[in-house]
4 protein chains.
Amino acid sequence: MSESRAPADEGIFAGGRADRDEQDATLPAAYLAVRDRSLWLTDVLEIEDYGLQPMPDASPAKWHLAHTTWFFETFLLKPFDPHWRSVDARYEYLFNSYYNSVGAQFPRAHRGDLSRPTVREVLAYRAAVDDAMSALLARRSEDDEFAARVVLGLHHEEQHQELLLTDLKYAFGHNPLLPVYAHARPAPARAAGVLGWREHVGGLVEIGRAPSPPGADRAAFEFDNETPRHRVYLEPFALADRCVTCGEYLDFMADGGYAAPTLWLSDGWAWLQDGGPRHPLYWREADGAWFEYTLAGERPVDRDAPLTHVSFYEADAYARWAKARLPREAEWEVVADRHGRREAGNFVETQWLHPVCSGSAGDDGPADLFGNQWEWTCSAYAPYPGFAPAAGALGEYNGKFMSNQVVLRGGSCVTPQAHVRASYRNFFYPPDRWQFTGVRLARDL
Amino acid sequence: MSESRAPADEGIFAGGRADRDEQDATLPAAYLAVRDRSLWLTDVLEIEDYGLQPMPDASPAKWHLAHTTWFFETFLLKPFDPHWRSVDARYEYLFNSYYNSVGAQFPRAHRGDLSRPTVREVLAYRAAVDDAMSALLARRSEDDEFAARVVLGLHHEEQHQELLLTDLKYAFGHNPLLPVYAHARPAPARAAGVLGWREHVGGLVEIGRAPSPPGADRAAFEFDNETPRHRVYLEPFALADRCVTCGEYLDFMADGGYAAPTLWLSDGWAWLQDGGPRHPLYWREADGAWFEYTLAGERPVDRDAPLTHVSFYEADAYARWAKARLPREAEWEVVADRHGRREAGNFVETQWLHPVCSGSAGDDGPADLFGNQWEWTCSAYAPYPGFAPAAGALGEYNGKFMSNQVVLRGGSCVTPQAHVRASYRNFFYPPDRWQFTGVRLARDL
Amino acid sequence: MSESRAPADEGIFAGGRADRDEQDATLPAAYLAVRDRSLWLTDVLEIEDYGLQPMPDASPAKWHLAHTTWFFETFLLKPFDPHWRSVDARYEYLFNSYYNSVGAQFPRAHRGDLSRPTVREVLAYRAAVDDAMSALLARRSEDDEFAARVVLGLHHEEQHQELLLTDLKYAFGHNPLLPVYAHARPAPARAAGVLGWREHVGGLVEIGRAPSPPGADRAAFEFDNETPRHRVYLEPFALADRCVTCGEYLDFMADGGYAAPTLWLSDGWAWLQDGGPRHPLYWREADGAWFEYTLAGERPVDRDAPLTHVSFYEADAYARWAKARLPREAEWEVVADRHGRREAGNFVETQWLHPVCSGSAGDDGPADLFGNQWEWTCSAYAPYPGFAPAAGALGEYNGKFMSNQVVLRGGSCVTPQAHVRASYRNFFYPPDRWQFTGVRLARDL
Amino acid sequence: MSESRAPADEGIFAGGRADRDEQDATLPAAYLAVRDRSLWLTDVLEIEDYGLQPMPDASPAKWHLAHTTWFFETFLLKPFDPHWRSVDARYEYLFNSYYNSVGAQFPRAHRGDLSRPTVREVLAYRAAVDDAMSALLARRSEDDEFAARVVLGLHHEEQHQELLLTDLKYAFGHNPLLPVYAHARPAPARAAGVLGWREHVGGLVEIGRAPSPPGADRAAFEFDNETPRHRVYLEPFALADRCVTCGEYLDFMADGGYAAPTLWLSDGWAWLQDGGPRHPLYWREADGAWFEYTLAGERPVDRDAPLTHVSFYEADAYARWAKARLPREAEWEVVADRHGRREAGNFVETQWLHPVCSGSAGDDGPADLFGNQWEWTCSAYAPYPGFAPAAGALGEYNGKFMSNQVVLRGGSCVTPQAHVRASYRNFFYPPDRWQFTGVRLARDL
C-alpha cells in the first residue's frame with residue numbers, strides 16, 4: 001500500500017477525483033469522491049495497521065473499508081441489481097455491523113481477529129462493488145429511493161472515515177512506539193483569547209430538520225434522528241465564545257478537580273474510582289511536564305489548544321468547577337444555525353487532525369462551533385417529538401441507540417467538512433473518550 | 001419483634017399516632033407519624049429479615065432504619081443541637097449513604113454484612129435521635145431552615161419506606177420458601193376495561209414547581225429536582241387511559257416479543273442477550289401457567305392486573321410492539337396536573353402492596369395516574385432549565401444522579417400517598433426492575 | 001439466643017453432655033456431644049449474626065447448623081428410618097451443599113439471602129432430626145454401614161464447626177465495629193525460640209491410612225482421601241522446629257517481600273498485581289504500628305505469635321525469601337506420625353481461637369505440629385495411588401475436589417482436637433486466607 | 001511474504017540449511033537451522049496473519065519471531081558482545097515475555113495491538129541479531145556458559161515454534177472463513193486398533209534428568225524442571241497401548257458425558273456450567289454430523305483419529321467414564337523411557353500438523369507415546385525433590401509456574417522432533433484446550 005504513494009503527501013484533494021466539491025457533484029461523481037477518500041485515508045498505512053482492534057469499540061481500518069462496502073452491497077446492489085453476484089456470501093455475516101433485520105453479525109469485539117479476508121481481498125471487494133455501483137448509478141440515479149439510499153450510504157461512509165481515524169489513533173496512541181500517521185500535518189499553534197460569552201434571549205425556537213424529499217440532493221440530506229423540525233422553549237442563556245483550552249483544564253487538574261467528589265456526577269465519580277483516569281486520553285506526564293499524543297506524533301500539551309479526548313463526565317465536572325454548565329443541544333443548535341461558520345471550521349481537509357484554536361470569536365457569534373472537536377451537550381440522545389425511524393433494516397440506523405447516550409454537536413478535525421450541519425446529532429456514552437470530544441460552556445441568564 | 005404484635009393486622013393507621021392526616025399535622029406530630037410508620041412497616045419482620053441485602057442495590061431493612069435516623073442526626077441534631085452526643089461516632093461512617101461532603105461511606109454492596117449494630121441497637125439509636133429531635137422540634141419548629149430540613153428528612157424517610165418494601169420483596173421473592181409479608185392484604189381482582197386514549201392539544205405548557213418558601217409547610221414541599229417551574233413546548237399527543245395489563249404483556253410475550261431484536265433499543269437487546277430475562281421479575285412459569293410472587297405470596301398472574309416489575313427496556317419494547325411509545329415526562333405531568341386523582345390512588349395505605357386496576361377511567365382523564373406502579377417515561381433524568389441544587393451536603397441529594405437514568409412518574413402501591421404529586425420525579429436505571437414499575441402508553445397525534 | 005446463656009462463659013466442656021471424651025464415648029453419646037457443640041458455638045451469637053455471608057465462600061452460621069442436620073437427614077434418616085417425615089421437603093434443596101447425586105442445590109453465593117427458615121426454625125429442624133437420630137441410634141448402632149455413616153456425619157459436623165468460626169471471623173473482622181466473639185478467651189503471649197531444624201534421613205516411607213473396617217470406632221476413622229496407606233520415597237530433608245512468627249513475617253514485609261517479583265510464583269505475583277494484599281488478612285497498620293483482629297478483638301501484632309491468615313502464595317514467597325521451601329505433605333506426615341503431640345496442641349477446646357506459640361520444641365521433634373494453624377505444604381491435593389472414592393453420593397465428599405487445591409496439615413486453633421490426626425489432609429485454593437493458615441519451613445539436606 | 005514462495009510446498013527440510021540433522025550439527029549450524037525454521041513456518045502467512053491475538057494466551061506470530069530474537073539479544077548479545085548496539089532500545093520492553101528480572105513487560109493481552117514494528121522491521125531485527133550471533137558463535141562456541149545459553153535459546157525458540165502454530169490455529173479456527181495453513185499436508189486416515197493395556201510392576205523407579213554439564217551438547221540438554229534425577233515409588237499399574245480416539249470420545253458424548261456431574265471434578269463441572277464447552281475445541285456439529293477444523297482445513301471427525309484439543313477436565317472426566325484414570329507423570333516417564341520411540345512419532349516434520357493414529361502398538365510397548373498430541377497426566381506441575389532453578393533471570397524460565405498447572409508428556413504433531421524426550425515436562429492450566437492435548441488412559445493393577 002504505502003509503497004505506491006510518494007512520501008510527500010499532496011493532500012486529500014490534490015489531484016484525482018477527490019478534489020471536486022462533493023456537495024455540488026452529481027451523484028455518481030460524489031460516490032467516487034467519497035469512496036476514494038476512504039482509500040486515500042488508508043493508503044499510508046502499513047498492512048499491519050489495517051487489522052488493529054485495540055478495544056472492542058475501535059474497529060480495524062480493514063473492517064471499516066469492508067463494512068462501508070457491505071452497506072452498498074446490502075442496501076443497493078442486492079435489492080436493485082438483479083445481476084449482482086456476491087464476492088463472498090460470508091461477507092454478509094462478517095461485515096454486518098448491527099443490522100438484525102439483515103441477519104446475524106460476527107461478534108464486534110473480535111473484528112480484529114480476522115486476518116482474512118486480507119487487505120488485498122477487501123480492496124478487491126470494494127472494487128467489485130464500486131464497479132457494480134457505478135454501472136447502477138449510471139442507470140438509476142433518477143430513482144428517488146435508490147438515490148436516497150446512495151446518499152445515505154455516502155454519509156454512512158463519511159462517518160466511518162471519522163471512526164477509522166479515531167480508532168487508528170487509539171491503536172497508535174497505545175503503542176509505545178507512538179507511530180505517526182503520515183497524512184497528518186503539523187497543527188499550528190495559536191493563542192486563545194479570553195473566554196467571553198454570547199447571550200441568547202431564548203423563547204420558542206425551532207430545531208431539527210423537516211425530512212427532505214427523497215432524491216439525490218446531498219446538500220439537503222439529514223439523518224432521521226434530526227427530524228422532524230419542531231419547537232422547543234428555551235430560557236435565556238449564554239454560550240461561551242470559544243471552547244475550553246488545555247490550559248484551563250490543567251488549572252482544573254491542579255485545583256484537585258479529579259479528587260473532588262462534589263464536582264462529579266455520581267456515575268462519573270464511580271467511574272473515576274473504578275480505575276478511571278486522572279487526565280485526558282493521550283496525555284502523559286513526564287518530569288512535571290505534560291505531553292499528548294496526536295496523529296502527527298507526541299508533543300507538549302499546548303495550553304492554548306482546545307481541550308479534547310475528555311469524557312462527558314469530565315466535561316460535566318469541569319463545567320461545574322468553572323461555575324457553568326454544558327449547553328443543551330437546542331441551545332447549541334439555534335446559535336449554530338445563525339452564527340456557525342462551517343466553512344471556517346477545522347475539518348479533516350486541513351489534515352491537521354487535531355484541534356486548533358481559530359484565534360478569536362467573530363463579531364457575530366462564538367468561534368469554532370464547527371470542527372476541531374465534538375462538543376458535549378447535556379442532552380440525552382432521545383427521539384425528537386414525532387420521530388419515526390426509516391422503514392425496514394435502515395430503521396436500525398439511528399433510532400435504536402436512543403438510550404444511555406449523550407448528544408454531541410459540531411463535528412471534529414477528523415470529520416469531512418461537508419458531512420456536518422447545525423442540526424447534526426452525534427452521540428456517545430458518557431465515559432467515551434476516544435473520539436475528538438471537548439467542552440464548550442453555557443450558563444443561565 | 002413479631003412476637004409483640006397480633007397476627008391480625010389492624011392496619012397502618014389503626015390506632016396510635018399514625019392515623020392522623022400527616023399533611024395537616026404540625027411538624028412535631030408529622031415527625032412522629034412518619035417515624036412511626038417505619039417501625040410499623042418492620043414490626044412484622046423476623047430479626048433475620050432485617051439484615052438482608054440480596055443484591056447491591058437492595059439495602060437491608062435495618063440499614064434503612066438506621067440511615068434515615070442518620071439523616072436527622074447529621075443534618076438536624078449535629079448542626080442545631082449543641083447538646084447532642086453521638087450514640088456511636090462510627091455510625092456517621094456506617095450509615096452515610098452517598099454524601100461525600102459528610103465523609104467516607106461504608107461500601108454499599110456490603111451493608112448486608114453488618115450484623116452489628118443489632119436491630120435492638122438500631123432501634124435504640126432511633127429512639128435516642130427521636131427523643132432529641134422531639135425536644136428540638138418543640139423549640140425550633142418556627143426556624144425556617146430547621147423546619148425545611150425536617151420536612152426534607154421526612155420525605156427522605158418516606159422514600160426509604162418504599163425502598164424498604166421493594167428491597168424486602170426482592171429478598172423474599174428470591175427465597176424458595178416465598179415468605180409472606182404479614183402486613184400485605186389480599187389485593188382485589190378487578191376487570192380492566194378496553195384501552196382508550198385521552199388527547200391533549202399540546203402547546204406551550206408549564207411543568208415543575210417554583211421553589212416553595214422555606215418553612216414547615218409539608219404540603220408545599222418539593223424536591224429540588226422538581227424546580228424551577230418552567231415552560232415546555234409539546235406537540236399534540238394522546239395518553240392511554242389506563243396502564244398496560246399483565247394480559248397484554250402476555251400477548252407480547254406470546255408474539256415473540258423477547259426474541260424480536262427490532263422491537264428493542266440496542267442496549268436493551270444487549271441486556272437481553274447477556275443473560276437478561278424473558279419475563280417480568282417475580283414471574284414464574286409452571287406447567288404452562290404463569291405465577292407471580294407478591295408480598296402477599298405467590299398467585300396466578302391476573303391478566304387484568306396492571307403490569308409491574310418491568311425494566312425501561314421492556315417497557316419501551318412493549319410500547320414499540322403496541323405501535324405506541326412511552327410518554328414524555330412533561331406530557332405525563334400536564335395531564336396528571338389536571339386529571340390525576342391522588343386521593344383515589346392505590347398507595348401503601350391500602351396495604352395491598354400490589355397494583356390493582358381501578359376498573360375504568362374517569363370522565364375527565366386517564367385512570368390510575370397516581371399509585372399502583374411507577375410509570376416509565378421516555379425522558380432521561382436531567383436538570384430542569386435553571387435548576388440549582390441545594391447548598392452544602394444536601395445538594396448531593398438529587399442533582400448528582402442526573403445521568404444515565406430515566407424518569408418515572410406517579411408513585412406506586414408501596415409509596416405513602418402524601419409523598420407524591422404531579423411534579424414528582426422518580427428515577428432509575430434502564431435495566432432496573434425491582435421497583436414497582438409499569439407502562440402507560442402514549443402516542444403522537 | 002444469647003439471652004438464655006450467662007455472660008460468664010463456663011467453657012466448651014463445662015457441664016452438660018459435651019464434657020465427655022468424645023473418642024471414648026459410645027456412638028449415641030458421641031452424637032449428642034458433637035451436635036451439642038455446634039449449638040454451644042453459636043449460643044453467644046446475636047440472631048443477626050447467624051445469617052452473615054460476607055463472601056461466597058463464607059457461609060452463614062445458620063446454614064452450617066442446617067446443612068450438618070441435612071447431612072444426617074439425607075444419609076441416615078431417609079435411607080434407614082422408614083417413619084421419618086421431612087420437616088420441610090424444600091430443605092433438601094436449600095441445605096444441600098454440593099451433592100449432585102442428591103439433587104440440585106440452592107446457589108452457594110446466596111446462602112446469606114435466606115432469612116427464612118429462621119434461626120428458631122433451623123433449631124427446630126435440628127431438634128427433630130436429633131430426636132429421630134437418637135431413636136435410630138438406639139436401635140441400629142450395631143449396623144456397620146449405619147454406624148460408619150454416623151461417624152462420617154460427626155466428622156463432617158466438626159469440619160463445619162471449624163468453618164463456622166472462620167466464616168464468622170471473616171464477617172466480624174470486616175465489620176468496622178470489630179465485634180468480639182464471646183467464647184474467645186484472651187490468648188497468652190509466649191516467647192518464640194530461635195528457629196531450629198529437625199533432620200530426617202528420608203528413604204522409602206509409608207503415609208496414609210488403610211481403610212478401617214466399617215463400624216462405629218471413631219478413633220479408627222479416616223476420610224477416604226487419606227487412603228490407602230502407601231509407600232513414598234523421600235530424599236533427606238529438614239523441618240523447622242516451629243512455625244514462622246509474625247515478627248519474622250514483618251521482617252519479610254520490611255525487606256520489600258511484597259514488591260519483589262522473583263520471590264513469587266507467577267500466579268501469586270499476578271494475584272498481587274490484581275488487587276492482592278500487602279499484609280496478612282486481618283492486619284491493619286495505624287501510625288506505624290500493626291494490629292490484627294482476633295476473635296477476642298483487635299490487638300497489636302505479637303511478633304512472637306505464629307503467623308496466620310496467609311495464602312499459599314504468601315507462604316511460598318516467604319519460604320523463598322527465607323531460603324527454604326514449604327514441606328511436602330509426606331515429609332510432614334512422617335514427622336508428625338512419630339513426633340506430633342496432638343494432645344498438646346492448641347485446639348478449639350482452649351477457646352483461645354488464635355495461634356499461641358508453645359514456647360519451644362520438645363526433645364523429640366518439632367513443636368506445634370498439631371493445632372494453632374494449618375500448615376501449607378507444597379503438595380497439590382491429589383488422589384493417593386489406589387484411591388477409590390466411597391460409593392454413591394458420599395463419594396462426592398472429597399474426591400471431586402482433587403484439582404487446583406493445595407494440601408494443609410495439622411489442624412488449627414478452631415479445630416476440635418479429636419478431629420485431626422497425622423494423616424489428615426485439609427485443602428484450600430492457593431489464594432485462600434480466611435482459614436487459620438500458616439507456614440512451617442522445610443529444606444533439602 | 002507469501003508472494004515469494006511457490007504454492008507447492010517442498011517441505012520443512014527441503015533445501016537450504018534446514019535439512020541437516022540438528023542434533024548432530026555444530027552449534028553455529030544448529031543455530032541457523034532452528035532460526036530458519038521459524039522463518040519457514042511463517043513464510044506462507046499473509047502479512048495480516050502475523051499480528052493476530054485472538055485471546056490473551058495466543059500471541060501473534062510476529063511477537064513469537066520478535067520475542068525469540070529478544071531472548072538471544074538479552075541473554076547472549078548484551079552480556080557477551082561488547083559491540084552490540086540495540087536495534088531499538090524499546091524492544092527490550094516490547095518483547096520481554098515475563099522476565100521481571102530483566103524489567104517491565106508490555107501487557108501480554110495487548111500484544112496483538114502492536115502493528116509496529118512491522119513484520120519487515122521484525123525480520124530486520126531478527127537478521128541483525130542473527131548476524132551478531134553468528135559472529136559471536138564463531139568466536140565463543142567453546143565457552144560453556146555461552147554455549148549453554150545458546151542451546152537454551154534454541155530450545156526456547158522451538159517451544160515458540162509450537163506455540164506459533166497452536167496460536168495461529170486458534171485464530172484461523174475462529175475465523176468463519178476457516179483459512180488453511182499452507183504448510184499443512186493432508187493427514188492420512190488409519191484404523192485404530194482395539195485398546196489394550198501394558199502392565200508395569202511398579203516399585204522404586206528413577207525419573208528426571210541429572211543436570212548435564214555445561215556446554216554445547218544439544219542432545220544432552222534438559223530444562224531445569226526435569227532435574228534432578230530422583231527416585232519415585234510406584235504401585236503396579238497399566239498404561240493403555242494407544243490414546244483415546246475421537247470415536248471413543250463421541251461415545252462419551254453420546255452417553256451424556258457432559259451432563260453427568262459425577263464424572264467431573266468439581267472445578268471442571270463449575271467450568272462447564274459457567275459457559276464451558278460441550279465438545280472438543282474446533283469441533284462443530286452440522287446436520288447430525290461432526291466436523292473439526294485442522295490446519296489443513298475443516299474435515300469430518302475421524303472416529304479412528306486420536307482425540308485432541310480437550311482440557312484436563314475433559315480428559316479426567318472421560319477417564320472416569322471409561323473406568324480408568326490419567327497416568328501419573330512418573331508412570332508415563334518410566335514406560336516412555338524404555339518403550340517410547342521418538343523416531344517414529346508424528347512431529348512437526350511430517351507437516352500433517354494433526355494427530356494420526358500409528359495403527360497398532362509395537363511388541364514392546366504402547367504406541368505413539370511421542371508426538372501426535374501431548375498427553376494429560378494427573379500430576380500437578382511441581383518441583384522435583386532437590387530442584388533448584390537456574391541463577392539470574394533465566395531462573396524465571398520454569399520454576400515460577402509451578403502452581404495450578406498440570407503436567408503433559410510426549411510432544412505433539414507441532415513439536416519439533418528433536419525437542420522432546422521421555423523426561424520432558426510440559427504444563428498447562430486445567431481448562432486450556434488450544435494446545436494439541438489428548439488422553440492416554442491408565443489404571444491400577
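> Would you take a moment to explain the overall build of chain A for this structure?
When its secondary structure is counted, chain A shows 9 helices and 12 strands. Taken over C-alpha atoms, the radius of gyration comes to 22 Å for chain A, in line with the 22 Å a tight globule of 445 residues would show. On the principal axes, the C-alpha backbone points of chain A span a range of 65 × 50 × 40 Å. The buried share among the 445 residues of chain A stands at 61%. Restricting to contacts in chain A with at least 6 residues of sequence separation, those with at least 24 account for 80%. Taken together, the 44 basic and 63 acidic charged side chains of chain A have centroids lying 2 Å from each other.

> Mind showing me how you'd approach the state of the cysteines here?
One way to say it: the disulfide is the covalent bond shared by the sulfur atoms of two cysteines. Residues and elements named next belong to chain D. Throughout the structure, instances matching the rule amount to 0 disulfides over all chains. The closest cysteine sulfur to the non-disulfide-bonded C378 is located on C243, 15 Å from its own sulfur. According to the relative accessible area criterion, C378 is partly exposed, its value standing at 25%.

> Help me understand the relation of the copies chain A and chain D, please; the structure alone is not making it clear to me.
Think of it as a corkscrew move, a rotation about one axis and a shift along it, taking one chain copy to the other. For the pair chain A and chain D, the relating rotation is 180°, the translation along its axis is 0.0 Å, and the fit reaches an RMSD of 0.0 Å. Read as a symmetry element, the transformation amounts to a two-fold axis. Residue A:E48 of chain A places its C-alpha closer to the rotation axis than any other residue of that unit, at 2.9 Å. Most of the interface of chain A is mirrored in chain D, where 100% of its interface residues are also at the interface.

> Looking at this structure, I do not really get the environment of C:A393. What am I missing?
All names here are of chain C. One can find A393 in the loop between β8 (374-380) and β9 (406-409). Relative accessible area serves as the criterion here: at 17%, A393 is assigned to the buried category. Remark: the alpha-carbon pair of A393 and F75, spanning 318 residues in sequence, is separated by 8.8 Å. When neighbours within four sequence positions are excluded, A393 is seen to be in contact with F75, Y99, S101 and V102.

> What exactly am I supposed to notice about the sheet that holds strand β1 (residues 197-200) of chain D here?
Consider a sheet: its strands pair through backbone hydrogen bonds, and that pairing is either parallel or antiparallel. Residues and elements named next belong to chain D. Reading across the sheet, the 3 strands line up as β1-β4-β12 and stay open at both edges, with antiparallel pairing between neighbours. A strand with exactly one partner marks an edge of an open sheet, and here the two such strands are β1 and β12 (442-444). Shown here is a sheet whose adjacent strand axes are inclined to one another by a mean of 25°, direction ignored. In terms of strand pairing, strand β4 (residues 237-240) meets β12 through 3 bridges, oriented antiparallel. Considered in β12, the bridge of L239 is made with A442. The strands touched by helix α9 (residues 329-339) are β1, β4 and β12; relative to β4, the strand with the most contacts, the crossing angle is about 70°.

> Explanation requested: the interface of chain A and chain B in the structure shown.
When the parts of a complex come together, some accessible area is lost, and that lost area is often used as the size of the interface. Residue-level contacts link 33 residues of chain A with 33 residues of chain B. Carbon and sulfur atoms supply 50% of the area buried between chain A and chain B, which totals about 2500 Å² over both sides. Linking chain A with chain B are 0 salt bridges, by the criterion used here. Taken together, chain A and chain B are joined by 12 residue pairs in polar contact (both at pLDDT 80 or more). Of all elements in the fold, only β3 (230-234), α7 (266-273) and α8 (312-321) of chain A reach the threshold of two or more residues within the side of chain A that touches chain B. By residue number, the principal contributor to the side of chain A that touches chain B is β3(A), which donates 4 residues. The residue inventory of the side of chain A that touches chain B, partitioned by class, reads 17 nonpolar, 9 polar and 7 charged.

> Help me understand the relation of the copies chain A and chain B in this model?
Superposition of chain A onto chain B requires a rotation of 180° combined with a translation of 0.0 Å along the rotation axis, giving an RMSD of 0.0 Å. Looking at the interface residues of chain A, 100% of them are also at the interface in chain B, so both copies use one shared face.

> What should I look at first to understand the packing of aromatic side chains in this one?
The geometry of an aromatic ring pair is captured by the separation of the ring centres together with the interplanar angle, meaning the angle of the planes. Enumeration according to the criterion identifies 140 aromatic pairs over all chains in this entry. Between A:Y31 and A:F72, the ring centres sit 5.0 Å apart and the planes meet at 75°, which makes this aromatic pair edge-to-face. Of the two residues, A:Y31 is situated in helix α1 (residues 27-42) and A:F72 in helix α2 (residues 61-80); the sequence distance between them amounts to 41 residues. Between A:Y91 and A:F95, the aromatic rings sit 5.3 Å apart at their centres with planes inclined by 70°, giving edge-to-face as the arrangement. A relative accessible area of 5% means that A:Y91 is categorised as buried. Classification of A:F95 as buried rests on a relative accessible area of 4%. The ring of A:W63 is capped by A:R111, whose NZ or CZ atom sits 3.6 Å from the centre of that ring. Positioned over the ring face of B:Y384 is B:R425, at 3.9 Å from the centre of the ring.

> Please clarify how the arrangement of the chains should be interpreted in this entry.
Across all C-alpha pairs, the smallest distance from chain A to chain C is 11 Å, and the two are not in contact. The two partners chain B and chain D share no contact, and the minimum distance between any of their C-alpha atoms is 11 Å.

> Any chance you could explain helix α7 (residues 266-273) of chain B here in plain terms?
The periodicity of an α-helix, 3.6 residues per turn, causes residues three or four positions apart to be oriented the same way. Residue and element names in this part refer to chain B. Taken residue by residue, α7 has D267, G268, W269, W271 and L272 as its buried positions. The inward-facing, buried residues of α7 abut α8 (312-321). Trailing α7 by a residue or two, G275 shows a phi angle of about 85°, which is positive.

> Help me out: how do you make sense of the sheet that holds strand β4 (residues 237-240) of chain C in this one?
All names here are of chain C. The 3 strands are arranged β1-β4-β12 in an open sheet whose pairing can be described as antiparallel. What marks the edges here is a single partner per strand, and that holds for β1 (197-200) and β12 (442-444). Going from strand to strand, the sheet's axes swing by 25° on average, the running direction of each strand aside. Packed on one face of the sheet, helix α9 (residues 329-339) meets β1, β4 and β12 and runs near 70° to β4.

> I keep staring at the pattern of salt bridges and nothing clicks. Help me out?
Where charged atoms from two side chains of opposite charge come close, those side chains can pair. A full pass over the atoms with the stated rule returns 112 salt bridges over all chains. Of the charged contacts in the structure, one is a salt bridge between B:E396 and B:K400, with a shortest N-O distance of 2.6 Å. Classification of B:K400 as buried rests on a relative accessible area of 11%. Via salt bridges that share partners, A:R35, A:R126, A:D130 and A:E157 belong to a single interconnected network.

Reading the values: rules and limits
Residues numbered from 1 in each chain as written. Chains lettered and ligands numbered in written order. Predicted model: local features only at pLDDT ≥ 70, side-chain atom pairs only at ≥ 80, totals over all residues. Heavy atoms only, no water. Helix = DSSP H or I, 4+ residues; strand = E, 2+ residues; numbered from the N terminus. Rg over C-alpha atoms; globule rule 2.2 N^0.38 Å. Buried < 20%, exposed > 50% of the residue type's maximum accessible area, 1.4 Å probe, protein only. Contact = heavy atoms within 4.5 Å. Lys, Arg positive; Asp, Glu negative; His and termini not counted. Charge placed at Lys NZ, Arg CZ, Asp CG, Glu CD. Disulfide = S-S within 2.5 Å. Least-squares fit on C-alpha atoms with pLDDT ≥ 70 in both. Pairing = 2+ DSSP bridges. Axes fitted to C-alpha atoms, helices over the stretch in contact; angles between N-to-C directions. Buried area = accessible area lost by both parts, 1.4 Å probe. Salt bridge = Lys/Arg side-chain N within 4 Å of Asp/Glu carboxyl O. Polar contact = N/O pair within 3.5 Å; in protein donor to acceptor, adjacent residues only side chain to side chain. Nonpolar A, V, L, I, M, F, W, Y, C, P; charged D, E, K, R; others polar. Phe/Tyr/Trp six-rings, centres within 6.5 Å; stacked < 30°, edge-to-face > 60°. Lys NZ or Arg CZ within 6 Å of the ring centre and 35° of its normal.

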